[in-house]
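Residue-level structure breakdown
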Amino acid sequence: MYRYDAFDQALVDQRVAQFRDQTRRFLAGELSEDDFRPLRLQNGLYVQKHAPMLRIAIPYGTLSSAQLRVLADVADRYDRGYGHFSTRQNLQLNWPALEAVPDILAELATVQMHAIQTSGNCIRNTTTDHFAGVARDELVDPRPYCELIRQWSTLHPEFAFLPRKFKIAVSAATADRAAVQVHDIGLRVVRDDAGALGFEVWAGGGLGRTPVVAPLIRPFLPERELINYLDAILRVYNRYGRRDNKYKARIKILVRELGPATFAGQVEAEWAALRGGPSTLTDEVLEAMRAAFAPPPYRALEDAHDLHHGAGVPASLRGQAHADAAAIAFHRSAGDQAGTLHAVDDPRDGAVLGADALGEGGE
């Protein structure tokens, strides 16, 4: 899993300090509710009818054991001892006290977690296949692309106040477990006829009150142009998306009203001005990010054949790309902890968990 570098940690720590001061000013009456609302939303905090709700990002559905322990401790001390894993790889706490939220965020920062842009009209956390990195049917590990998108989109000044929330998903597997076609942007990793890596790009999908399956707007985008093309899509949406009616403000409505071909033409024209520019991904950047997601040193099994083919192998056992390892799904069928967790044994840090669970709760 990705580990923060000094820049990542400093950014998260600074964001916690900034939000602590914003919360203090709001509670002291120095900020109005209207002024505080966009600040708290971009730090994952909703104020609902009965209590605040804090949405915490779980990048790419993966948790280290240290992170899971801190989440459990935070839930015990600041909430009611449980949280809700969401379909978009977050954890939601539904009963934190408003004045305690900065302390919660500070504790999360000690284990490289945050709630930045988990709500509000901005680019939300990028999601992927919950078996990413271990799935036997994946072309490549999609998580390096997700992390590049996270770094590009975090606190992006041009896209901090979009017409509406914006969600991106990436898949590299034969089976699309990331559901890319029901996201604002869906990316599917493919190879062209020459074997070069790139993406199918889908735009304008979504669920909610108006479910829409996204149209394909580009059958092959070169790998290096990922960020440039995302910039182009977001600029078109930011320019033409509606802001007068939140029910008609999502990109799926814009794509439908313009028509997929016209929308794609606008994106291509914008991309023409960005292509090959400063955000073009280099070999060095791509290789460094792939190295950040190198697989752990798996323990050898005495008989790997029995793991996948022995008598009584449960249906929850999934084959991995690594021949001597397997992913196991654990199902909890009821209660506030309901969801599906998969575990990968990592000798460096205990059990690594990922969420693929049930409800999202109005994200």
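Just above sits the structure.
The structure reproduced in this document is the subject of the present report. (Residues numbered from 1 in each chain as written. Predicted model: local features only at pLDDT ≥ 70, side-chain atom pairs only at ≥ 80, totals over all residues. Heavy atoms only, no water.)

Strand order in the open sheet formed by five strands is S5-S6-S7-S8-S9, and the pairing between neighbours is mixed. Bordering the open sheet on either side are strand S5 (127-128) and strand S9 (216-222), each of which pairs with just one other strand. As paired elements, strand S7 (residues 185-191) and strand S8 (residues 197-203) share seven bridges and run antiparallel to each other. Residue pairing across strands places Ile185 opposite Ala203, the latter belonging to S8. Across the sheet, helix H6 (residues 226-240) touches S7, S8 and S9, and the angle it forms with S9 is around 155°. Packing of helix H8 (residues 260-274) onto the sheet brings it into contact with S8 and S9, and relative to S9 it is tilted by some 30°. (Pairing = 2+ DSSP bridges. Helix = DSSP H or I, 4+ residues; strand = E, 2+ residues; numbered from the N terminus. Contact = heavy atoms within 4.5 Å. Axes fitted to C-alpha atoms, helices over the stretch in contact; angles between N-to-C directions.)

Turning next to H8. For H8, spanning 15 residues, the distance from its first C-alpha to its last is 21 Å, which sits close to the expected 21 Å at 1.5 Å a residue. For H8, the full list of buried residues reads Phe263, Ala264, Val267, Glu270, Trp271 and Leu274. Buried residues of H8, viewed axially, fall in a sector of 125°; they line one side. Exposed side chains of H8 directed beyond 90 degrees from the buried face belong to Ala261, Ala269, Ala272 and Ala273. Buried residues along H8 sit in contact with S8, S9, H6 and helix H7 (251-258). At the exit of H8 stands Gly276, carrying a positive phi of roughly 75°. (Expected span 1.5 Å × (residues − 1). Buried < 20%, exposed > 50% of the residue type's maximum accessible area, 1.4 Å probe, protein only. Arc of directions from axis to C-beta.)

Ordered in space as S1-S2-S4-S3, the four strands form an open sheet in which the pairing is antiparallel. Two strands lie at the open edges of the sheet, namely strand S1 (45-47) and strand S3 (84-85), each paired on one side alone. Judged from the three bridges that link them, S1 and strand S2 (residues 52-57) form a sheet pairing that is antiparallel. The partner of Leu45 across the bridge, within S2, is Leu54.

Here the focus is the packing of aromatic side chains. For the coordinates displayed, the defined rule picks out eight aromatic pairs. Here Phe26 and Phe36 contribute two aromatic rings whose centre-to-centre distance is 4.3 Å and whose plane-to-plane angle is 10°, an arrangement assigned as stacked. Placement of the pair is Phe26 in helix H1 (residues 6-27) and Phe36 in helix H2 (residues 33-41), with a sequence separation of ten residues. Residue class for Phe36 comes out buried when judged on its relative accessible area of 0%. One aromatic cluster is present, built from ring pairs that chain together Tyr2, Tyr60 and Phe293. Over the aromatic face of Trp95 sits the side chain of Arg80, whose NZ or CZ is 3.6 Å from the ring centroid. When the ring centre of Tyr247 is taken as origin, the NZ or CZ atom of Arg209, which lies over that ring, is 4.3 Å away. (Phe/Tyr/Trp six-rings, centres within 6.5 Å; stacked < 30°, edge-to-face > 60°. Lys NZ or Arg CZ within 6 Å of the ring centre and 35° of its normal.)

A few words now on the nonpolar core. Membership of the largest hydrophobic core comes to 76 residues, with the highest contact counts inside it found for Trp152, Phe166, Leu187, Leu226, Ile233 and Phe263. In terms of residue count, the dominant contributor to this core is H6 (nine residues). Filtering out sequence-adjacent residues up to four positions away, Leu187 remains in contact with Ile149, Ile168, Ala169, Val170, Ser171, Val180, Phe199, Glu200, Val201, Leu226 and Leu230. (Core = buried A, V, L, I, M, F, W, Y, C linked by side-chain atoms within 4.5 Å.)

Look at Gln112: it is not a glycine, yet its phi comes out positive at around 60°. Within the chain, Ala179 stands out as a residue other than glycine whose phi angle is a positive 55°. Along the chain, the position of Ala179 falls in the loop between strand S6 (168-171) and S7. On the basis of relative accessible area, Ala179 is assigned to the partly exposed category, the value being 32%.

This paragraph deals with the pattern of salt bridges. Pairs can form between side chains of opposite charge whenever their charged atoms are close. Using the criterion set out here, one finds 23 salt bridges in the structure. Notably, a salt bridge pairs Asp21 with Arg25, separated by 3.8 Å at the nearest N-O pair. With Asp21 and Arg25 both in helix H1 and four residues apart, this pair spans about one turn of that helix. Where Glu147 meets Arg150, a salt bridge forms, and the shortest distance between an N and an O atom there is 2.6 Å. (Salt bridge = Lys/Arg side-chain N within 4 Å of Asp/Glu carboxyl O.)

These figures capture arrangement, not role.
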